[in-house]
Amino acid sequence: MKVTAPGRALLTGNAAAAWAARLARVDYVPAFPITPQTEIIETLTGWIDAGELDCRLVTMESEHAMVAAAGAAAVTGVRVFTATSSQGLLYALEMLYAVAGWRAPLVLVNVSRGLAAPITLEPDHNDVLAARDTGFLQIHCATCQEVLDSVLLAFRLAEDRRVRLPVIVNQDGFYLSFTREPVELPHPETAAGFVGPFDPGSLRFTASAPISQGVAVLGGGPYSYFRYEMHLAAQAALSVYDEIAAEFATKFGRHHPAVEAYRLEDAEFAFYMMGSFATRAQEAVDCLRQAGWRIGLVRPRLLRPLPDARLRELLAGKKAVAVIDQNLSLGKGGVLFAELASALYGQPQAPLLVSFVGGLGGRDLPPEEFFAMAEVLKAAAQEGVAPPPRLLFTAEELAEVQKLRAIAGAERARLKEAP
Amino acid sequence: MSEKKPSFPRPLPSTHLLGTGTPMCAGCGGLQVLHEIYDLLGPKTVFVNAAGCLTLLAVYPFTPFRGGWLYTAMAAAPAGAQGVRDALDILISQGRLPPEENLEVVALTGDGAAYGMGLSATSSAIERGLDFLYLCYDNEGFGNTGQQYSEATPHAARTATSGGPRGFFGYKKDLFAIWAAHRPVYAATVVGAEIMDLARKVEKAKGLKGPRLILALAPCPTGWDFDPKETVEIGRLAVKTGIWPLKEYVDGRVVHTKIPHPRLPVEEYLRRQGRFAHLFQPVRQEELLRELQAQVAAYWAQVTG
């Protein structure tokens, strides 16, 4: 596929991520292949080989090494992009904490995929949520266009002097990574103008300005101080993001607020979810509206920092909200549910929250499930009591799993009997 | 190879680049060797550090380094070195950094990282031909956590996790051979006590580009249990008894730079350290001592033919 920027092109989420890195004029990409992220680094490699992108790409032996190299290069003074998925993000987890602590302003695209065991290639959000507390900020995308735009926004956010924290841009595996959508490619000069040149700040290793980075501290005092500094920077990132997103909207005509609210103004009910499946919720909202429902959708694009105050504002006075988690914190439940509940705690006009866990390991969320969830919301609002959290799982799916189990049992028995 | 012949003996640097007042143990063989090597490399050096004893050299707000220093994690020093090296190359090639601002990138690790957790990262950095110097201070155990055995611990040594009358069950991994099998541009073993040998090797390594190993035996007073004033003597004895062969790998060949002759019995080295005391007390373990001596003899018989 030959695409020449600018203009509209049919791009996968992976290609959109690669285009964004190219438009941001990244200097360095340490990489390691993992499905479904691989296409991103293959695309970048192709451009580098063809002389279309002046960038150094190094294939490391693991994601742990990849993120170590990424952080080290960023604090030495170059613009760094990298990408991973699932097990790879988990393998790098130790280094995510480290490079965030170095305040290395790099951008990492995560292509969401469920975690072992059992092993799967299909998406859910448990991988990226495991990185929730690392110090990386998180932007969650619902479309391929958003993937491209968010990477550009992420570089601005990461490199801003008031922030200086790395950013994860998340897209759902397969649903976005391998789905072609029309994507508006900005003019390279405009994009470069928006992102600006890389500013290493006070961090860089050179002969004339030596620094020691990532040093030890003695005692909880300085440790708490530096960790809290990171927390404040992450919080400050919210208003910085607003500024950057507004500038982006002026330059490119596309606005990506920290929280997206869809048909919410007069809504009594709302769906709350993030990622590409939220586009399903949007469809469901339209259908339900036609049927006379007053329902909307709230989709946080930023998960870290979480725009708590805005969520409180948006949801104040709603009767009930269905929180749909594409993740499962084992022994607790949905992560988004717990996060939203904590944001709304003690609010006088807080809605009733109903927890649903769905879309695990690539399981689809069909329209009728959204309609069913809406019915549950209505009933809960009438009774004033939220039903217990439930897994979106049908009787047919259960029957299918039982069939698989029966086959596995029969096979085991057959092997035992075999001479 | 167009090898620049380092001319030693000549005066070694008389002032230390590495600042004083570090929290290292008295008599630390790792600190000794770092002092010597840093002086030879000069201030245009950035150390990329793995978790180990020397992690605690820089404690906020102080640093003893005149150049750069980056703490990564236990398994990640070679990968961190890759990032720093690549970034410097990019900046210099694009004219964003003048060449005189360039730095020698050194991965600094203990044996726990070098022989174990960080070995995959090391192997891959060599395979990628990374231009870096890898300095391992080998104190033959996890030193900063109280000397538990590592993959570099010698057979029969007592550590916090290898007690009992026979000490450590395993055999020291041959990291030098592992490096040599990767065909790096240079690999050498050194010890702080043999400073002229060390200086020649560091000088040689400094003049080369590509993956280079300096593997330094680092006598450890607290872990090996000897008086800190004996660090140099213990280091010398490691060489004289043939336990720590001084050698280098250049152009596919291994050359021994110091062949102990006559070789002192290994006992002379073992007796001086508490970690081997169980070989002599309460009863002399003849069989184990013979085995240890035989290993050393077999090594030298093989390499000197």
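Below or above, wherever it landed, is the structure these notes cover.

**Quick notes on the packing of helix α11 (residues 308-315) of chain A against helix α12 (residues 335-344) of chain A**
Residue and element names in this part refer to chain A.
- Where α11 contacts α12, the two axes come as close as 9 Å, and the packing angle between them is 80°. Between α11 and α12, the interaxial angle falls into the category roughly perpendicular. Two secondary-structure elements touch here, α11 through D308, L311, R312 and L315 and α12 through L340, A343 and L344.
- Looking at the contact of α11 with α12 residue by residue, the class counts come to five nonpolar, no polar and two charged.

**With respect to the packing of aromatic side chains**
- One pass over the full model with this rule turns up 23 aromatic pairs over all chains.
- Measuring from ring centre to ring centre gives 5.0 Å for Y38(B) and F47(B), while their planes differ by 85°; the resulting arrangement is edge-to-face.
- Taking the relative accessible area as the measure of exposure, Y38(B) reaches 0% and is therefore buried.
- Judged by relative accessible area, F47(B) falls into the buried class, the value being 0%.
- One aromatic cluster is present, built from ring pairs that chain together Y38(B), F47(B), F65(B), W69(B) and Y71(B).
- Across from the ring centre of F194(A), 4.9 Å away, lies the NZ or CZ of R156(A), which sits over that ring.
- Sitting above the plane of the W293(A) ring, K378(A) keeps its charged end 4.1 Å from the centroid.

**Notes on the sheet that holds strand β13 (residues 302-304) of chain A**
Residue and element names in this part refer to chain A.
- Taken in spatial order, the five strands make up an open sheet running β4-β5-β7-β6-β13, and their pairing is mixed. Looking at strand neighbours, the two that pair on one side only are β4 (81-84) and β13, the edges of this open sheet. Put simply, the sheet's adjacent strands are angled 25° from each other on average, direction ignored.
- As paired elements, β4 and strand β5 (residues 107-112) share four bridges and run parallel to each other.

**Considering the pattern of salt bridges**
Residue and element names in this part refer to chain A.
- Applying the stated criterion to the full structure yields 45 salt bridges over all chains.
- Across the pair R280 and D364 runs a salt bridge whose closest N-O atoms are separated by 2.5 Å. Taken together, the residues R280 in helix α10 (residues 278-290) and D364 in the loop between β15 (352-357) and α13 (367-383) connect sequence positions 84 residues apart.

**Looking at a nonpolar patch on the surface**
Residues and elements named next belong to chain A.
- On the surface, a cluster of nonpolar side chains totalling about 330 Å² of accessible area is made up of L391, F393, L398 and V401.
- Topologically, F393 is positioned in the loop between β16 (390-391) and α14 (395-417).
- Of the residues examined, F393 reaches a relative accessible area of 40% and is grouped as partly exposed.

**Some points on the side chain of D160(A)**
Residue and element names in this part refer to chain A.
- Within the fold, D160 resides in the loop between α7 (144-159) and β7 (167-172).
- Taking relative accessible area as the criterion, D160 reaches 15% and is therefore assigned buried.
- Reaching out from D160, the side chain makes a polar contact with the backbone nitrogen of R162 at a distance of 2.8 Å.

**Describing the interface of chain A and chain B**
- Each partner contributes to the interface: chain A provides 37 residues, whereas chain B provides 40 residues.
- Contact between chain A and chain B buries roughly 2900 Å² in total, counting both sides, with carbon and sulfur atoms accounting for 65%.
- The closest approach of N and O atoms between D27(A) and R96(B), which form a salt bridge, is 3.0 Å.
- Across the chain A-chain B interface, the total number found is 13 residue pairs in polar contact (both at pLDDT 80 or more).
- Only β3 (56-59), α3 (63-76), α5 (93-101) and β9 (212-213) of chain A provide two or more residues apiece to the side of chain A that touches chain B.
- Examining the composition of the side of chain A that touches chain B, we find that seven residues originate from one element, α3(A), more than from any other.
- Class assignment of the residues belonging to the side of chain A that touches chain B gives a composition of 22 nonpolar, nine polar and six charged.

**Some points on helix α2 (residues 38-49) of chain A**
Residue and element names in this part refer to chain A.
- The first and last C-alpha atoms of α2 sit 16 Å apart over 12 residues, in line with the 16 Å expected at 1.5 Å per residue.
- Here α2 has its buried residues at T38, I40, I41, T43, L44 and W47.
- Here the buried face of α2 lies against α1 (13-23), β2 (28-31), β3, β4, β5 and β7.
- In the segment just after α2, G51 is the residue with positive phi, at about 75°.

**Brief notes about the environment of G42(B)**
- You can see G42(B) is positioned in the loop between α1 (29-41) and β1 (45-49).
- In sequence terms G42(B) and P13(B) are 29 residues apart; their C-alpha atoms lie 9.6 Å from each other.

**Points about the side chain of Q285(B)**
Residues and elements named next belong to chain B.
- Examined against the element boundaries, Q285 turns out to sit in the loop between α9 (267-270) and α10 (286-304).
- Note on Q285: relative accessible area 18%, which makes it buried.
- Engagement of the side chain of Q285 in a polar contact is seen with the backbone oxygen of P165, the distance being 2.5 Å.
- Residue contacts for Q285: discarding those within four places in its chain leaves P165, R166, H278 and L279.

**Focus: the pairing of strand β7 (residues 246-250) of chain B**
All names here are of chain B.
- Counting buried positions along β7 yields five of five residues, so the element is predominantly enclosed.
- Burial of the side chains of β7 extends over both faces: L246, E248 and V250 are buried on one face and K247 and Y249 on the other.
- Taken together, the two bridges between strand β5 (residues 186-191) and β7 define a ladder with antiparallel strand orientation. Directly across from A188, in β7, lies its bridge partner E248.
- Looking at chain direction, β7 and strand β8 (residues 253-258) are connected through five bridges and run antiparallel. Bridge pairing links Y249 to V254 in β8.

**Looking at unusual backbone geometry**
- The linkage connecting Y60(B) with the following residue, P61(B), adopts the cis geometry, with an omega of 5°.
- Considering the arrangement of structural elements, one finds P61(B) in the loop between β1 and β2 (68-71).
- Backbone geometry places R263(A), a non-glycine residue, at a positive phi of 45°.
- Residues other than glycine seldom take positive phi values, yet D251(B) does so here, at roughly 50°.
- One can find D251(B) in the loop between β7 and β8.

Rules behind the numbers
Think of each chain on its own: its residues are numbered from 1, step by step along the sequence as written. The order in which chains are written sets their letters, starting at A; the order in which ligands are written sets their numbers, starting at 1. Two thresholds apply to this predicted model, a pLDDT of at least 70 for residue-level local features and 80 or more for giving and counting side-chain atom pairs, whereas whole-chain, interface and lining totals are computed over all residues. Remark: hydrogens and water are excluded; side-chain values derive from all non-hydrogen atoms of the structure. The axes used here are C-alpha line fits, helices contributing only the stretch in contact, and every angle between their N-to-C directions lies in the interval 0 to 180 degrees. Each helix is a run of DSSP H or I of at least 4 residues and each strand a run of E of at least 2, with the numbering of both proceeding from the N terminus. Throughout this description, any angle smaller than 35 degrees is read as roughly parallel, any larger than 145 degrees as roughly antiparallel, any in the 65 to 115 degree range as roughly perpendicular, and the remainder as oblique. Contacts are assigned to residue pairs that have any heavy atoms within 4.5 Å of one another. In this classification, the charged set is Asp, Glu, Lys and Arg, the nonpolar set is Ala, Val, Leu, Ile, Met, Phe, Trp, Tyr, Cys and Pro, and all remaining amino acids, among them Gly, are polar. Note on aromatic contacts: the rings of Phe and Tyr and the six-membered ring of Trp form a pair at centre separations within 6.5 Å, being stacked when their planes are under 30 degrees apart, edge-to-face when over 60 apart, and tilted otherwise. Note on classification: 1.4 Å probe, protein chains only; a residue is buried when its accessible area is under 20% of the maximum for its type, exposed when over 50%, partly exposed between these limits. Counted as over-ring charges are cases with an Arg CZ or a Lys NZ within 6 Å of the ring centre that also lie within 35 degrees of the ring normal. Should DSSP find at least two bridges between two strands, the strands are taken to pair. Salt bridges, as used here, are contacts in which a Lys or Arg side-chain nitrogen is within 4 Å of a carboxyl oxygen on Asp or Glu. For patch building, the residue pool is restricted to those with more than 30% relative accessible area and no salt bridge; the joining distance is 9 Å between like charges and 5 Å between nonpolar side chains (Val, Leu, Ile, Met, Phe, Trp, Tyr). Values of accessible area rely on a 1.4 Å probe in the Shrake-Rupley scheme; residue burial ignores everything except the protein chains shown. Any pair of nitrogen or oxygen atoms within 3.5 Å is treated as a polar contact; in protein, a donor-acceptor pairing is required on top of that, and neighbouring residues in sequence qualify only through side-chain atoms on both sides. A 1.4 Å probe defines the accessible area here, and the buried area is the portion of it lost by two parts on being joined, summed over both. Each residue after the first adds 1.5 Å to the expected span of a helix.

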